[in-house]
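The primary structure of each chain is shown beneath.
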Amino acid sequence: MKNIFIYLIIFSNCITSCTKKINPPTNLQCEHLDNPLGIDSPSPRLTWRIAQTEKAQTAYQIMVSTDSIKLANNKADMWDTGKIDADSCLVTYKGDSLKPFTKYYWKVTVWNEKDTQSKPSDITSFETGLISSSNWAGKWISDGQDVSYKPTFYFRKDVNLDKNKKIKSARAYITAAGLYELSINGLKVGDRMLDPMYTRFDKRNLYSTLDITSLLQNGANTFGVILGNGWYNHQSTAVWDFDKAHWRGRPKFLINIRLNYEDGTSETIVSDESWKIHESPILFNSIYTAEHYDARKEIEGWNMPGLDTSEWLPAVIAQAPSPLIVSQQLYPIRITERLEPTKIDKKNDTCYVFSFAKNIAGIIEIRVQGDKDTELRIKHSERLYPDGRADMSNIDVHYRPTDNSDPFQTDIFILKGGGIKETFSPKFNYKGFQYVEVTSSKPIDLSKESITALELHSDVPQIGSIKSSNPTLDKIWEVANNSYLSNLFGYPTDCPQREKNGWTGDSHIAIETGLYSYDAITIYEKWMNDFKDEQKPNGVLPSIVPTHGWGYDWGNGPDWTSAVAIIPWEVYLFYGDIHLLHSMYGNIKRYVDHIASISPHGTTDWGLGDWVPVKTVSNKELTSSLYYYKDVTILAHAAKMFGRKHDYEHYTRLAKKISNAINKKFLNTETGIYCSGSQTELAAPLYWGVVPEELKSKVAENLYKKVEEDNFHIDTGILGAKALLHALSENGYADAAYTIAAQETYPSWGWWIVNGATTLYENWNIDAENDISMNHIMFGDINAWMYKALGGLFPDENKAGFKHIQLRPNFVKGLDQFEAKHTSPYGEIVSSWTRRTDKQIIYHVVIPANTSATLHLPKNIEGDKTMDLSAGTYNLELREVKR
């Protein structure tokens with residue numbers, strides 16, 4: 001490669017003799033989880049990584065057994081693949097049929113490119129759950145109250161375990177319509193919050209598998225359950241009419257507690273009418289607004305052995321909400337961070353305002369001592385009025401209260417007194433906030449130590465990072481991630497305060513931002529099942545998923561509901577796993593066929609358009625038709641992958657018809673301008689790939705001139721914001737894209753940062769009267785742009801999962817250093833560059849084992865522009881041409 005100095009750092013133990021075994025595979029997972037419990041799939045996916053000291057895997061052997069000791073001695077009673085010549089690190093189980101309630105052990109051995117065998121991996125495991133709904137025993141139980149009854153109930157079951165039998169393992173399999181918290185002998189089971197995840201309750205219910213072995217004791221044991229309304233019994237009222245859901249019912253649950261003894265026997269404790277119930281101190285709970293708690297109603301030891309329950313009532317048998325109960329195989333919601341206040345503002349002895357370092361989704365924990373009957377109102381807000389009081393006017397706009405008994409984002413805590421410090425934290429609610437105002441009916445004394453903010457979200461592992469020489473750019477990356485996580489609660493949402501809705505448009509716009517930084521495949525696989533449950537027979541989907549019925553008549557054109565195609569496709573690109581795309585193929589096809597049926601000429605006006613633009617309104621038919629084109633293109637690619645020749649040919653022709661129709665109707669071929677030439681109208685056709693090849697440079701030049709005319713500031717809504725930076729960077733104008741991304745004056749992402757943002761906003765104008773939630777993810781694709789345009793990290797659809805990496809970095813003017821890291825299914829990819837002088841750039845690259853890459857250098861670099869790289873670590877000295 002001309003004019004480029006290359007230093008390849010060879011791993012010290014890459015060179016091995018034919019007799020020495022190489023390092024073992026690592027990161028073994030089943031269904032993309034570590035040692036999971038409750039696997040229901042009859043053919044679970046098994047994945048691993050080979051040691052990063054190797055170049056490639058040429059073969060593997062998987063062994064699966066019910067006996068870990070035998071497996072350690074290379075005896076597998078369930079599956080032994082033998083040596084399979086393949087470089088894949090993702091294999092579907094094809095051994096003997098899996099049985100329910102069974103733990104399976106497995107290990108992997110691989111061979112490298114020299115046919116040298118590795119040491120076996122450490123033995124890991126997965127454990128099956130019920131596998132079939134028919135394996136459930138017991139009955140669904142509830143408290144027998146009306147849906148409008150506000151207090152929730154304690155449920156308890158006393159059990160005496162045989163002191164002569166030693167428990168080997170114990171599992172609780174629990175599902176609920178609503179939310180649950182399970183305890184044993186006074187201790188909460190696990191660290192899950194807001195479990196189970198929200199689904200279309202009349203179609204599908206999720207169950208969790210919990211290891212309870214360590215919580216049980218010989219003799220007397222007490223199982224306790226508290227239920228929350230969640231989305232099942234929505235008692236708060238808002239514009240989406242959650243309270244009118246046709247499935248709505250009193251919260252209920254079904255539990256099977258399976259005890260496995262050392263002597264090989266087992267028994268199951270189930271939910272039925274033998275459980276006892278009593279009203280609890282939780283007076284009211286709403287996933288949407290808040291929780292009210294009266295400590296005077298607490299029953300000490302309610303979930304511990306020895307309590308007199310003679311006045312408790314029997315539980316009430318309830319009807320199952322749906323016929324389908326499936327395992328919840330995803331990272332659960334947890335408390336991920338505890339934040340102490342950065343400031344306390346005492347207004348008087350009955351009013352305190354606490355400030356926190358960032359806007360979060362979560363709850364508070366308050367510790368307070370006061371007189372009996374003192375009522376605390378704990379208000380959560382994203383901003384403050386000029387007088388320092390909590391201001392909720394930007395987030396309570398869609399709430400429609402029928403009285404004053406359910407104040408928005410305001411917990412109510414009534415003290416029992418007695419001269420002790422009391423603690424309260426909601427169990428069945430979360431909010432979006434940065435400030436907490438506590439007002440009390442009687443004087444209290446609070447300090448910074450009195451309150452802690454608990455951040456909540458689906459606890460997905462971080463697998464990517466960005467670091468640069470521009471602090472504003474780094475801060476944008478951080479706050480976009482904050483917004484992404486604040487809107488991940490078993491499904492992706494738009495905002496954690498005002499709505500908590502699974503808006504389809506927000507989610508597909510942010511999908512790459514999410515997947516570059518977080519291992520979120522399990523969340524998206526769950527959410528796509530919700531799409532299946534919500535799709536109508538004619539293919540139509542709602543704009544929010546899950547839904548009780550709202551969203552089929554507004555907001556659900558292809559610019560939003562293309563999530564049904566885009567998300568499975570992106571998951572395939574990032575993980576190289578065809579499971580989700582294959583599973584959703586029929587749903588994508590029905591959806592596309594519906595749009596085709598109402599769009600005979602190839603374009604469609606169905607959609608919301610470029611939502612919340614700065615000033616320029618772009619053509620809605622153009623943007624909707626572009627998403628329609630993308631859906632059809634994805635469907636054609638999937639059809640080819642799955643060997644559906646007729647579908648591939650049909651949808652390839654349809655894609656061509658759509659692109660031709662778009663260009664015929666909206667493109668001026670003489671000027672190279674689409675529609676009126678707005679930023680969105682020029683960027684989106686470039687980004688989605690419909691611009692004729694011979695006109696790309698002209699359209700891109702027009703886009704550059706447009707942003708130059710706007711003084712390199714953004715003038716788009718969310719659809720244009722998704723396309724703009726990529727369209728510029730991928731068509732020769734990366735410097736311009738960076739200038740826009742790094743702006744710190746209105747309108748820009750940086751404008752939010754210099755004005756104190758810790759999460760992304762809903763509107764470019766921070767003083768807007770409407771659409772001004774301060775924690776939205778819909779403008780969050782800028783993070784994906786950083787990984788792609790500056791770091792150059794692109795998956796290759798022909799070798800997905802970063803099996804082959806397309807490296808297309810841009811060494812933009814004005815940035816001296818940039819580093820992008822992403823842990824792919826094969827290991828960590830690093831793309832890092834530093835400008836040493838005006839012309840010299842040092843480019844550092846790490847290509848994981850068992851992968852390869854093609855490096856594409858921009859035009860401003862001297863010498864050859866492409867280079868093929870095998871696994872390894874590289875340092876390249878590059879020289880820029882004079883600008």
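Please refer to the structure placed before this passage.
An account of the accompanying structure is given in this report. Since the model is a prediction, treat every value here as computed from it, not as a measurement.

1. Quick notes on the overall build of the protein
Alright, step 1. Across its full length, the protein carries 17 helices and 42 strands.
Alright, step 2. Relative to the globule expectation of 29 Å for 883 residues, the C-alpha radius of gyration of the protein, 29 Å, shows essentially globular dimensions.
Alright, step 3. With the C-alpha coordinates aligned to their principal axes, the bounding extent of the protein is approximately 85 × 70 × 55 Å.
Alright, step 4. Only carbon and sulfur atoms are counted for the fraction: they give 47% of the accessible area of the protein, which is about 32,500 Å².
Alright, step 5. Separation of charge centres in the protein, based on 95 positive and 108 negative side chains, amounts to 4 Å.

2. Some details on the packing of aromatic side chains
Alright, step 1. With the rule as written, the count across this model stands at 53 aromatic pairs.
Alright, step 2. Ring geometry for F253 versus W275: centroids 5.6 Å apart, planes at 75°, classification edge-to-face. With F253 in strand β16 (residues 252–261) and W275 in the loop between β17 (266–270) and β18 (276–279), this pair connects stretches of sequence that are 22 residues apart. Judged on exposure class, the residue F253 and its partner W275 are both buried.
Alright, step 3. One aromatic cluster is present, formed by Y198, F201, W231, Y232, W240, F242, W247, Y288, Y399, F408 and Y491 through successive ring pairs.
Alright, step 4. The ring of Y261 has K165 sitting right over it, with the charged end atom 4.3 Å from the ring centre.
Alright, step 5. Positioned over the ring face of Y552 is K536, at 4.3 Å from the centre of the ring.

3. Topic: the pattern of salt bridges
Alright, step 1. In total, this model carries 49 salt bridges according to the counting rule given.
Alright, step 2. Its salt-bridge partner being E762, residue R498 comes within 2.7 Å of it at the nearest N-O pair. Linking R498 in the loop between α2 (471–486) and α3 (504–509) with E762 in the loop between α16 (749–754) and α17 (782–790), this pair joins segments that are 264 residues apart in sequence. Comparing R498 with E762, the two get one shared label, buried.
Alright, step 3. Of the charged contacts in the structure, one is a salt bridge between D647 and K589, with a shortest N-O distance of 3.1 Å. Here D647, found in helix α11 (residues 645–666), pairs with K589, found in helix α9 (residues 585–598); they are 58 residues apart in sequence, far enough to count as distant.
Alright, step 4. One salt-bridge network, held together by shared partners, links E31, R45, E525 and D577.

4. Remarks on the packing of helix α14 (residues 718–729) against helix α15 (residues 734–741)
Alright, step 1. Between α14 and α15, the least distance of the axes is 6 Å, while the angle of their chain directions is 145°. For the element pair α14 and α15, the recorded crossing hand is left-handed. Packed against α14, whose contacting residues are L724, L725, L728 and S729, the element α15 presents A734, A736, A737, I740 and A741 at the interface.
Alright, step 2. Looking at side-chain class alone, the contact of α14 with α15 contains 8 nonpolar, 1 polar and no charged residues.

5. Examining the sheet that holds strand β8 (residues 124–127)
Alright, step 1. An order of β5-β4-β7-β8 is seen for the 4 strands of this open sheet, with the pairing classed as antiparallel. Both edges of this open sheet fall to β5 (79–80) and β8, since each of them pairs with a single strand only.
Alright, step 2. Both strand β7 (residues 103–112) and β8 contribute to a ladder of 4 bridges, which runs antiparallel. What sits directly across from Y104, in β8, is F126.

6. Some remarks on the environment of K620
Alright, step 1. Tracing the chain through its elements places K620 in helix α10 (residues 620–641).
Alright, step 2. Residues K620 and D559, 61 residues apart in the sequence, show an inter-C-alpha distance of 9.1 Å.
Alright, step 3. Among residues more than four places away in sequence, those in contact with K620 are D605, G607, L608 and G609.
Alright, step 4. Within the local environment of K620, its side chain forms a polar contact with the backbone oxygen of D605, the two atoms lying 2.7 Å apart.

7. Here we look at the sheet that holds β18
Alright, step 1. The 6 strands are arranged β13-β12-β15-β10-β18-β21 in an open sheet whose pairing can be described as antiparallel. The sheet is open, and its two edges are formed by β13 (187–188) and β21 (313–314), each paired on a single side.
Alright, step 2. Examined bridge by bridge, strand β12 (residues 179–184) and strand β15 (residues 219–228) share 6 bridges and lie antiparallel to one another. Bridge pairing links I184 to F223 in β15.

8. What to know about the layout of surface pockets
Alright, step 1. What the second largest pocket holds in volume is close to 870 Å³.
Alright, step 2. Secondary-structure elements contributing two or more residues to the lining of the second largest pocket are β6 (90–92), β23 (325–327), α5 (521–534) and α8 (579–583).
Alright, step 3. Take the lining of the second largest pocket: its biggest share by element is 7 residues, from α5.
Alright, step 4. Its residues placed into classes, the lining of the second largest pocket shows 13 nonpolar, 14 polar and 9 charged.

9. Remarks on the side chain of S517
Alright, step 1. Structurally, S517 is set in helix α4 (residues 511–517).
Alright, step 2. Of note is the side chain of S517, whose polar atom sits 2.8 Å from the side chain of Y787.
Alright, step 3. Ignoring any residue separated from it by four or fewer positions in sequence, one finds S517 in contact with P461, Q462, I463, G464, W477, N481 and Y787.

10. Side note on the nonpolar core
Soluble, globular proteins show a tendency: their nonpolar side chains are buried together.
Alright, step 1. F413, V438, W749, W785 and L807 are the most contacted members of the largest nonpolar core, which totals 212 residues.
Alright, step 2. Those residues within four positions of F413 in sequence are excluded, and the remaining contacts are Y293, A295, I366, V368, T374, E375, L376, I378, E422, T423 and F424.
Alright, step 3. Formed by 29 residues, the second largest nonpolar core is a distinct cluster that contains F155, Y180, I269 and A315.

11. Considerations on unusual backbone geometry
Alright, step 1. Going from D195 to P196, the amide bond is cis rather than trans, its omega being -5°.
Alright, step 2. The residue P196 is located in the loop between β13 and β14 (205–211) in this model.
Alright, step 3. With an omega of -5°, the peptide bond between V545 and P546 qualifies as cis.
Alright, step 4. By the element assignment, P546 lies in the loop between α5 and α6 (558–561).
Alright, step 5. Of note, D373 is a non-glycine position whose phi angle comes to about 80°, a positive value.
Alright, step 6. Examined against the element boundaries, D373 turns out to sit in the loop between β26 (351–368) and β27 (375–381).
Alright, step 7. If you check the backbone angles, N711 has positive phi at about 55° while not being a glycine.
Alright, step 8. When you line up the elements, N711 lands in the loop between α13 (696–709) and α14.

12. Structural notes on the pairing of strand β41 (residues 840–856)
Alright, step 1. Burial analysis of β41 places 15 of its 17 residues in the buried class, the great majority of the element.
Alright, step 2. For strand β38 (residues 804–807) and β41, the ladder comprises 4 bridges, and the chain directions are parallel. When the bridges of β41 are listed, H804 appears paired with S852.
Alright, step 3. In this structure, strand β40 (residues 827–835) lies alongside β41, joined through 6 bridges in antiparallel fashion. Looking at the pairing, S831 lines up with V845 of β41.

What counts and how
- Residues numbered from 1 in each chain as written.
- Predicted model: local features only at pLDDT ≥ 70, side-chain atom pairs only at ≥ 80, totals over all residues.
- Heavy atoms only, no water.
- Helix = DSSP H or I, 4+ residues; strand = E, 2+ residues; numbered from the N terminus.
- Rg over C-alpha atoms; globule rule 2.2 N^0.38 Å.
- Areas by Shrake-Rupley, 256 points an atom, 1.4 Å probe, with all protein chains shown as cover.
- Lys, Arg positive; Asp, Glu negative; His and termini not counted.
- Charge placed at Lys NZ, Arg CZ, Asp CG, Glu CD.
- Phe/Tyr/Trp six-rings, centres within 6.5 Å; stacked < 30°, edge-to-face > 60°.
- Buried < 20%, exposed > 50% of the residue type's maximum accessible area, 1.4 Å probe, protein only.
- Lys NZ or Arg CZ within 6 Å of the ring centre and 35° of its normal.
- Salt bridge = Lys/Arg side-chain N within 4 Å of Asp/Glu carboxyl O.
- Axes fitted to C-alpha atoms, helices over the stretch in contact; angles between N-to-C directions.
- Left-handed = near helix turned anticlockwise from the far one by under 90°.
- Contact = heavy atoms within 4.5 Å.
- Nonpolar A, V, L, I, M, F, W, Y, C, P; charged D, E, K, R; others polar.
- Pairing = 2+ DSSP bridges.
- Polar contact = N/O pair within 3.5 Å; in protein donor to acceptor, adjacent residues only side chain to side chain.
- 1 Å grid on protein atoms, 1.4 Å probe; cavity = no way out; pocket = protein on both sides within 12 Å on 5 of 7 lines; lining within 4 Å.
- Points joined across faces, edges and corners; volume = space filled by probe spheres on them.
- Core = buried A, V, L, I, M, F, W, Y, C linked by side-chain atoms within 4.5 Å.

As far as function goes, none of this settles anything; it's purely spatial.
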